[in-house]
Amino acid sequence: MAKDSKPQTGRTAGGGSRGTATRSGPSGSRGGSGNRPGGGNRGGRTRPATNVVTQQRPWGLITAAIVVVVFAVAVISYAVVKVNHADALKVTSPSQITGLKTYKYASGQQHVSTPVDYKESPPVGGPHDPYWADCTGTVYTVDIRHENAVHALEHGAVWVTYNPKKVSSSDIKTLAKLVTNQPGRLMSPYAGLDSPISIQSWNHQLKVSKASDQRLKQFADFFTTNPDYYPEIGASCENPDFKAHPVVEGQPSEAVGSSDAPTSMSASPGASSSAAGSSAP
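Residues numbered from 1 in each chain as written. Predicted model: local features only at pLDDT ≥ 70, side-chain atom pairs only at ≥ 80, totals over all residues. Heavy atoms only, no water.

Draft legend 1. Broad picture of the environment of V158. Mapping V158 onto the fold places it in strand 3 (residues 158-162). Taking the C-alpha atoms as reference, V158 lies 8.5 Å from F219; in sequence the two are 61 residues apart. Apart from residues no more than four positions distant in its own chain, V158 is found in contact with G184, R185, L186, I199, Q200, S201, F219, A220, F223 and T224. (Helix = DSSP H or I, 4+ residues; strand = E, 2+ residues; numbered from the N terminus. Contact = heavy atoms within 4.5 Å.)

This is how it looks when you write it as structure tokens:
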């Protein structure tokens, strides 16, 4: 009986402690999901954010390509315009050159060493000096002897002349561009010319007032060594001695460079009487 009367305080206390949820430690942590590291994500893992790399366009190369294309189109367009313009200026017959005058000097004209009184000024045919003026795209700064120039016309040359008192230095440069390095052409001042500019080939002449007149180029392009319009087909235009030492108008005939036929002392009477002037329609 004494055994039954033993107080149970300690067990009761221990039991009470065991009965209440005062136990901490592993079991307490296990019961509380909020205390478990990562416990709140237990239902599904969060995937790491994916870094999407956007490929940048090569804007520099694209811009450069566009610039090249635009430039190429501009160049081609300009070339087409220039070609069309050049084609529009071309002529296929003398009658298409407005204001052109034609004459009828026959081939086989005399070679003379004396001055010739030409009907036309500048002359376009007739007796002439046996030594031709160089006509290989030659620009003379002196009024060359007219008889030598006419011989160059006989060889198919186009002779550009100007009155130095009626044109500007800019005009002279413009005319020189028509002649320089152009085989079969020559240019010189011509004292007393009745118009600012005159261009002539054998039996043909055109007088204009402006160096920018497009008919000058039409004339030069059509008549320069055109085999249908001059007597001595294939004759040379080269005379480097005359080019280096041109004979000036008013001076006597000189043996300068090349000659291609026998020479008479003077022109036969009526040698140039076959000339007849007319304007092209």
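Don't stop here, the text continues.
Draft legend 2. Layout of helix 6 (residues 214-223). Taken as a whole, helix 6 has its buried residues at L216, Q218, F219, A220, F222 and F223. Phi for T225, located one or two positions after helix 6, is positive at around 45°. (Buried < 20%, exposed > 50% of the residue type's maximum accessible area, 1.4 Å probe, protein only.)

Draft legend 3. Structural view of the pattern of salt bridges. Counted according to the given criterion, the structure contains six salt bridges. Of the charged contacts in the structure, one is a salt bridge between D129 and R145, with a shortest N-O distance of 2.7 Å. Residue D129 is located in the loop between strand 1 (101-102) and strand 2 (136-139), and its partner R145 is located in the loop between strand 2 and helix 4 (146-154); the two are separated by 16 residues in the primary sequence. Judged on exposure class, the residue D129 and its partner R145 are both buried. Between D194 and K207 there is a salt bridge; the shortest N-O distance is 2.8 Å. Of the two residues, D194 sits in the loop between strand 4 (185-189) and strand 5 (197-201) while K207 sits in strand 6 (residues 204-208), which places them 13 residues apart along the sequence. Three or more residues joined by partner-sharing salt bridges are found here, namely D129, R145 and E147. (Salt bridge = Lys/Arg side-chain N within 4 Å of Asp/Glu carboxyl O.)

Draft legend 4. Summary view of the confidence of the model for the chain. Of the residues in the chain, 70% have a pLDDT of 70 or more, and the chain-wide mean is 82. Predicted confidence for residues 9-35 stays below pLDDT 50, and this span has four contacts to residues more than four positions away or in other chains. (pLDDT = per-residue confidence, 0-100.)

Draft legend 5. Examining the layout of surface pockets more closely. Approximately 160 Å³ is the volume attributed to the largest pocket. Taken together, T174, L175, K177, L178, A211, S212, D213, Q214, L216 and K217 form the lining of the largest pocket. Among the elements of the structure, helix 5 (169-179) and helix 6 are those that each provide at least two residues to the lining of the largest pocket. When residues of the lining of the largest pocket are assigned to their parent elements, the largest contribution, four residues, is made by helix 5. Grouping the amino acids of the lining of the largest pocket by side-chain chemistry returns four nonpolar, three polar and three charged. (1 Å grid on protein atoms, 1.4 Å probe; cavity = no way out; pocket = protein on both sides within 12 Å on 5 of 7 lines; lining within 4 Å. Points joined across faces, edges and corners; volume = space filled by probe spheres on them. Nonpolar A, V, L, I, M, F, W, Y, C, P; charged D, E, K, R; others polar.)

Draft legend 6. Representation of the packing of aromatic side chains within the structure. Counting across every chain of the model gives six aromatic pairs. Look at F222 and Y229: their rings are 5.4 Å apart centre to centre, the planes differ by 55°, and that puts the pair in the tilted class. For the pair F223 and Y229, a centre-to-centre distance of 5.4 Å together with 85° between the ring planes defines the contact as edge-to-face. In textbook terms, an aromatic cluster arises when at least three aromatic residues are bridged by ring pairs, as seen for F219, F222, F223 and Y229. (Phe/Tyr/Trp six-rings, centres within 6.5 Å; stacked < 30°, edge-to-face > 60°.)

Draft legend 7. Representation of helix 4 in the model. Of all nine residues in helix 4, nine are buried; the element is thus mostly enclosed. Within helix 4 the residues assigned to the buried category are H146, E147, N148, A149, V150, H151, A152, L153 and E154. Where the residues of helix 4 are buried, they touch strand 3, strand 4, strand 5 and helix 7 (240-244). G156 sits one or two positions beyond helix 4 and adopts a positive phi of about 100°.

Draft legend 8. Expanded view of the environment of V150. Checked against the element boundaries, V150 lands in helix 4. For V150, a relative accessible area of 0% gives the class buried. Among residues more than four places away in sequence, those in contact with V150 are Y118, P123, G125, G126, P127, H128 and W202.

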